[in-house]
Every structure is written in C-alpha cells, then in structure tokens.
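Take a look at the letters that make up each chain.
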Amino acid sequence: MTTPSKMARVEQKAANMLPILAVGEISPEVLLAWEMGCRQFLMHKNVPDTEMVRKVAWGMRDPMIQTWYLDNHNRFNKLSFAEYMKEVRSYWLPSNWDFTVRRKMWSSMQGQRPFNEWAFEIQSLNNLLQDTPSHLTDTDLRRHLEARMHSDLVDKYYAEKIIETDLRKWIEMVGLLDDQRLLDIERFKELHEAVWRAERRKITTSKKSASSARSKPKAGRNMSTTSISSSSRPFTRLPRLTDDERQLLRDNEGCFKCREPFVQHSSNNCPEGFPNGATYTPLTAASISAKKSPMPSAVLGYESDSSEEYVAPFTTLHLTWDCPVDSPVISSSVVVSALIDRGPPTVLIDEAKLSNLASATARYPSLSHVQLHCPVTRNGFSPSCITLNLYTHLALYAQFTAPNLCTFLLSGIGFCM
C-alpha cells in the first residue's frame, strides 16, 4: 500500500494519457488540475459522454476514493463528467472550501506587487469557484480588481479613463499603467540613493579637509626650526584612559578621543583629535571642576535695599534644529524647525512650600510668561499661563518661584549644567 504524501499531486505524461491523482491531501487547486487533465484525455480519446466517468474514475489512486467509487459506481457511471466532479468536490473537499477560497480572493489586495501578477492570482482563485454561486463574472471580477488595486495606481487609472470592457484587454491596459508607477518608484529610489551618496562624499571630503588642516604646521618665523626640533624629540605614547577617567568623561559629557569634558561631540566625529602624549595630564575630578562653567547666582539678603544689584539670567534658551524633511510625495526637501527635547529650560520651586524654609524672595527685573500644567481640580491638571517675577537663593543656585507647582522643586537644564 502506498504511503500518503502530505499533499496530493497530479501526474500526466501526455495529453492522451489518463492523468493520475496520487495519494495525499486533496486541495481545490489539485482537484482542478486533475479535472483539466481528464478533459484533455477524454477529448483526445473521443470518449462518449456516457463512458467518461468509467474511463477516468480509476485515475484517483487513493484506496479510500476507489472504495467510495466502487460502492456507488452504478450511480456515478450514469452521471456526466461535470456532475461527477461536483460529487467529488462535495464529498472529498472540506465543507467550507468554497467559502475559504472566496474569502481569500475578496481579502486580497495588490499591495506592492505588479498588477498583472496580482490579477492572475485573483483569476486563478475565481477559476476554482467554477460551477459554484461564489464564482464571479468578468464584470464583477473587474470591479473587484478596481476596488483593491494600489492607491497610486487608482489615480493613474481614473485619469486615463479606460473604458475597455473585455477583461483580458482591460487587465493588459491597467498593467501598463502599473508598470509606469513601478518605474517612477524605481527612479525615485535611484535619485534618493544618488543624493545619499553625494552627502556621504561631502561628509568624507570635509573630514579629510579637517584632518589635513590639523596636520599642517603653523606658519611663523621659526617654522623650519620648530619642525626640525619637533622631529628630533622622542615620541611619547599617549597613555590609555583609566576606568576612573572614562567614568569622569561619561559623567561630564566628555569625548574619549580628545579627552575634553563638556563638549558637543563624541569620538566618532571628534574635530580635535588625540591630545599630545608628552603634555597630557591625567584627568581628575579637580581638573574637570576647573573646566566647568560657573553658574550665575544672585545672592540677596533678607533686607537688601540696593537698587543697583546684578541679577544673572536664570533660564537657558530652547535648542532647535533647522532640518530638511523628505517625502515620496514632494519633489524637494522641506526645511522645518525641530525643537530638541533636552529638558525644561527653567529651574522652578514651589512658592507655597518655600515659606517652610524661611527663605527670602526678591523681584526679578523682567517678567517671564510661561505655561505650566497646574492643578485646577482634584481630578487632574490643565494648562495655565502664569508670570514668573520672584526668585530665591538656595545653597546651590538661584531658582524662580512658581505658584501651585506640581512638585516642590523642578530642576531645569541649568541644574544639569
């Protein structure tokens, strides 16, 4: 006995030979292929209608199907071949096979596939539904393809106003429009890649220029003497960063290449290069603190009567970036201003809780209008515009006082600096 394979298959060596349906799981596609092979065989052999079922039934090699035919052969042999195939589909395919095929067909979208390839798939599924209520006519099939074609193709299709009614010619005409759409996409990709390569070349050129500029000796009266003396000096290798030095650079926005703290670059794009090994001094917490920018402060007494006192700015500016934005639907880049979220620019302290610290406040010379999320009900917060005109001095630095702040102290970018 033959061991069933996972899926049944059809074998037919020539059109005038009986097609064989091998043992295995039968699908609508395999059964249709066997039916088409049988029709070719019956046509070449000129088999009468009354003998067709008898001639092809034994082409199904599954013993269970053969037993099913033997049990009903008197009735089956009187049927036409089309009626017999209905009996086979009704008994050997799942009861909802037509619903499954119909659902697959109706849910299919063109997506990124070429239109001709997708339309062929839909026609093949519709062909499986021959002689069933779910089978679509050419008109319904065209409407189905219209409703589920790519959105970019829809615009070209309605602009072209195709009125062809023959389904095959209609698919061919729409396929030509879709070929143009795919060509436009390919050209856009090539243009995008060319722009990207040009930008990469520009960046590489600028890096090489900066590197060569750093390597050139400085002009001066004693250039030749300096060059000779420097070349005669012994080379001092730059020592490796210790774990403590690395941690200090991490904590203070430093660069592992130039070994400078508080810089706006990293090792990958460092414009300074490695320091001189002969003059390099290991990093310490004291050397880092010496390079830290001093924080502005405004110290006031409880009863200061000075009208000429100096008040330093307590806020930092927002950081924005004018960047180009590209999109497939626009012909050129659009420059927009992007706000980089780096934290609140102002240090705030709750005015009500400040009284518990017995800290004095003073009036700020200029008004600052801000919008805060302040509590208005027990259930939540809502935006509210307030004016900041008082400040106080704590142990670290000065802060604005804000009414009804949602927390005691709101540390802004100044705290991080």
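The coordinates are above.
Keep in mind it's a predicted model, so treat the numbers as computed, not measured. (Residues numbered from 1 in each chain as written. Predicted model: local features only at pLDDT ≥ 70, side-chain atom pairs only at ≥ 80, totals over all residues. Heavy atoms only, no water.)

A. Examining helix H7 (residues 138-148) more closely. When H7 is considered as a whole, its buried residues turn out to be Leu141, Arg142, His144, Leu145 and Arg148. The buried residues of H7 occupy one face: seen down the axis, they fall within an arc of 160°. Facing away from the buried side of H7 by more than 90 degrees, the exposed set consists of Arg143 and Ala147. (Buried < 20%, exposed > 50% of the residue type's maximum accessible area, 1.4 Å probe, protein only. Helix = DSSP H or I, 4+ residues; strand = E, 2+ residues; numbered from the N terminus. Arc of directions from axis to C-beta.)

B. Local environment of the nonpolar core. Judged by nonpolar contacts, the single largest core of 48 residues is most densely connected at Tyr84, Phe115 and Trp170. Per element, the largest residue contribution to this core is seven residues, and it comes from helix H1 (residues 28-45). For phenylalanine 115, the contacting residues outside a window of four places in its chain are Gln110, Leu145, Met149, Leu153, Trp170, Ile171, Val174, Gly175 and Asp178. (Core = buried A, V, L, I, M, F, W, Y, C linked by side-chain atoms within 4.5 Å. Contact = heavy atoms within 4.5 Å.)

C. Here's a closer look at helix H4 (residues 81-92). Spanning twelve residues, H4 covers 16 Å between terminal C-alpha atoms, matching the ideal 16 Å at 1.5 Å per step. Turning to H4, its buried residues are Phe81, Tyr84, Met85, Val88 and Arg89. Around the axis of H4, the buried residues are gathered within 140° of arc, so they sit on the same side. Set apart from the buried face of H4 by more than 90 degrees, the exposed residues are Ser90 and Tyr91. In this structure, the buried residues of H4 make contact with H1, helix H2 (52-56), helix H3 (63-76) and helix H5 (97-107). (Expected span 1.5 Å × (residues − 1).)

D. Structural context of the pattern of salt bridges. Tallied over the entire structure, the rule returns eleven salt bridges. Glutamate 35 is the salt-bridge partner of arginine 39, the closest N and O atoms lying 3.2 Å from each other. Here arginine 39 pairs with glutamate 35, and both are found in helix H1, just four residues apart, close to one helical turn. Judged by relative accessible area, arginine 39 falls into the partly exposed class, the value being 37%. Residue glutamate 35 is classed as buried on the basis of its relative accessible area of 7%. Note that arginine 75 and glutamate 87 form a salt bridge whose closest N and O atoms lie 3.2 Å from each other. Placement of the pair is arginine 75 in helix H3 and glutamate 87 in helix H4, with a sequence separation of twelve residues. Given a relative accessible area of 28%, glutamate 87 falls into the partly exposed group. Each of Glu35, Arg39 and Arg89 takes part in one network of salt bridges that share partners. (Salt bridge = Lys/Arg side-chain N within 4 Å of Asp/Glu carboxyl O.)

E. View of the packing of H3 against H4. Where H3 contacts H4, the two axes come as close as 13 Å, and the packing angle between them is 135°. Between H3 and H4, the angle falls in the class oblique. Seen from above, H3 lies across H4 with right-handed handedness. Judged by residue contacts, Met64, Ile65, Trp68, Tyr69, Arg75 and Phe76 of H3 engage Tyr84, Glu87, Val88, Tyr91 and Trp92 from H4. Grouping the constituent residues of the contact of H3 with H4 by class yields nine nonpolar, no polar and two charged. (Axes fitted to C-alpha atoms, helices over the stretch in contact; angles between N-to-C directions. Parallel < 35°, antiparallel > 145°, perpendicular 65-115°, else oblique. Left-handed = near helix turned anticlockwise from the far one by under 90°. Nonpolar A, V, L, I, M, F, W, Y, C, P; charged D, E, K, R; others polar.)

Honestly, that's just the spatial picture; any functional story needs more than this.
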